[in-house]
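Residue strings, one per chain:
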Amino acid sequence: MTETSFTPRVFSGIQPSGNLHLGNYLGALKRFVDMQEAGGYETVYCMVDLHAITVWQDPADLRRSTRELCAGFIASGIDPEKSILINQSQVPEHAQLAWVFNCVARMGWMGRMTQWKDKTAGKNAEAASLGLFAYPSLMAADILIYHATHVPVGEDQKQHLELTRDIATKFNHDYGVDFFPITEPVIEGAATRVMSLRDGSKKMSKSDPSDASRINMTDDADAIAKKIRKAKTDPEPLPSEAAGLAERPEARNLVNIFAALNGQTVDQVLGDFGGRAFSEFKPALAELAVAHLAPISSEMSRLMDNQDEIDRILTRGAERAREITAPILKKTYEIVGMVGPVEL
Ligand code: TYM
């Protein structure tokens, strides 16, 4: 940790690339709301459209997905008065700081990122965009342009957050300053890695070709119940303790989802359901999931009918964000040696 004390500030982001799903909700959104309500932090939440275009996005789809994601944030409980809610490209300092970080981070660091390796595995990496390679540097800029101290994410983002710490450390070291905080990842709770409903060894993901593998935040009650009914399981009844789930990835996933939705620990869920069959557990899970998600999905569609309101919220969010980001970028430029006054 650095010596300087920083305002406790939370930052996190989600890509507006379609199909917001239960993994995003439990691993990220629900926890964003918890941190907003916990008090003691300023909270900044972001739709990362500049990250989305590191792979091809149809422009009309991107615009729709960005507004839909904004509706998803609000419908899940993000209050644009309590939190700063923004679209990344509307706050230009993210991209400006990312350029500075492109000059701090090393090619080798980027090449070791497992998400880069996964996304290019079996494909021609030479044909991937330069933006996809530099993706984690922009992510570090998202966080550090706010001097954010805490970043709630799912487990798949852990390595990117370690890289964010490396970039902050190298910048501070190279320029002999104590300017960027060493951010703490917040990867907590029962659902930091929600798995596919069809295959317990694969992460629930928006890019899975099987729609039955995930619960989308726009699914209606029938679709949610059906996907849970059809979720892959094994023939054994549920165990009475968490250790009994070790070799049962599908069962573990459903119990984790139940625990996260109901604000319980896995042991509490197994205390209630241990020894019972999936034919009893699945309907209880379906009822819980519908009770949580159906109101969010109907609120999302209500908000989507009022896109001007969404756009107003994002414009206001960007104004508030820039009160934080503009001075941090200005100071960064001074540290680096840019001749000022710099037009911001
Ligand atoms: P993205 O858009 O892929 O996912 C958004 C958030 O959802 C979490 N998540 C999951 N959590 C549990 N189980 C799953 N199956 C699951 N799938 C996704 C992710 O961990 C993430 O927290 N690079 C980021 C976006 C980003 C960002 C940032 C995040 C850009 N800048 C700065 C934090 C801070 C991403 O692609 O997330």
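Residues numbered from 1 in each chain as written. Predicted model: local features only at pLDDT ≥ 70, side-chain atom pairs only at ≥ 80, totals over all residues. Heavy atoms only, no water.

As recorded in an unreviewed UniProt entry, the chain goes by the name Tryptophan--tRNA ligase, listed as coming from Pseudodonghicola flavimaris. One UniProt comment on the chain, placed under Subunit (unreviewed entry), says "Homodimer." Taken directly from UniProt, the Function (unreviewed entry) text for the chain runs: "Catalyzes the attachment of tryptophan to tRNA(Trp)." (UniProt positions renumbered as here; feature names shortened; annotations may be inferred.)

Participant: Please explain unusual backbone geometry as it appears in this structure.
Facilitator: The bulk of non-glycine residues show a negative phi, and the bulk of peptide bonds are trans. You will see that Asn19, though not glycine, has its phi angle at about 55°, which is positive. As for its position among the elements, Asn19 is in the loop between strand E1 (9-14) and helix H1 (22-38). The backbone of His147 shows a phi angle near 50°, a positive value even though the residue is not glycine. Take His147: it is sitting in the loop between helix H7 (130-144) and strand E4 (150-152). (Helix = DSSP H or I, 4+ residues; strand = E, 2+ residues; numbered from the N terminus.)

Participant: Any chance you could explain the packing of H1 against helix H10 (residues 249-262) here in plain terms?
Facilitator: If you want to describe how two helices pack, look at the angle between their axes and the distance between the axes. Packing of H1 against H10 leaves a shortest axis separation of 11 Å and a crossing angle of 45°. Taken together, the axes of H1 and H10 lie oblique to each other. For the pair H1 and H10, the sense of crossing is left-handed. Two secondary-structure elements touch here, H1 through Leu22, Tyr25, Leu26 and Lys30 and H10 through Ile257, Ala260 and Leu261. (Axes fitted to C-alpha atoms, helices over the stretch in contact; angles between N-to-C directions. Parallel < 35°, antiparallel > 145°, perpendicular 65-115°, else oblique. Left-handed = near helix turned anticlockwise from the far one by under 90°. Contact = heavy atoms within 4.5 Å.)

Participant: Teacher, can you tell me more about the side chain of Ser196 here?
Facilitator: Structurally, Ser196 is set in the loop between strand E5 (184-186) and helix H9 (221-229). A distance of 2.9 Å separates the side chain of Ser196 from the backbone nitrogen of Arg198, its partner in a polar contact. Excluding residues that lie within four positions of it along the chain, Ser196 makes contacts with Lys202, Lys203, Met204, Asp208, Ser213 and Asn253. (Polar contact = N/O pair within 3.5 Å; in protein donor to acceptor, adjacent residues only side chain to side chain.)

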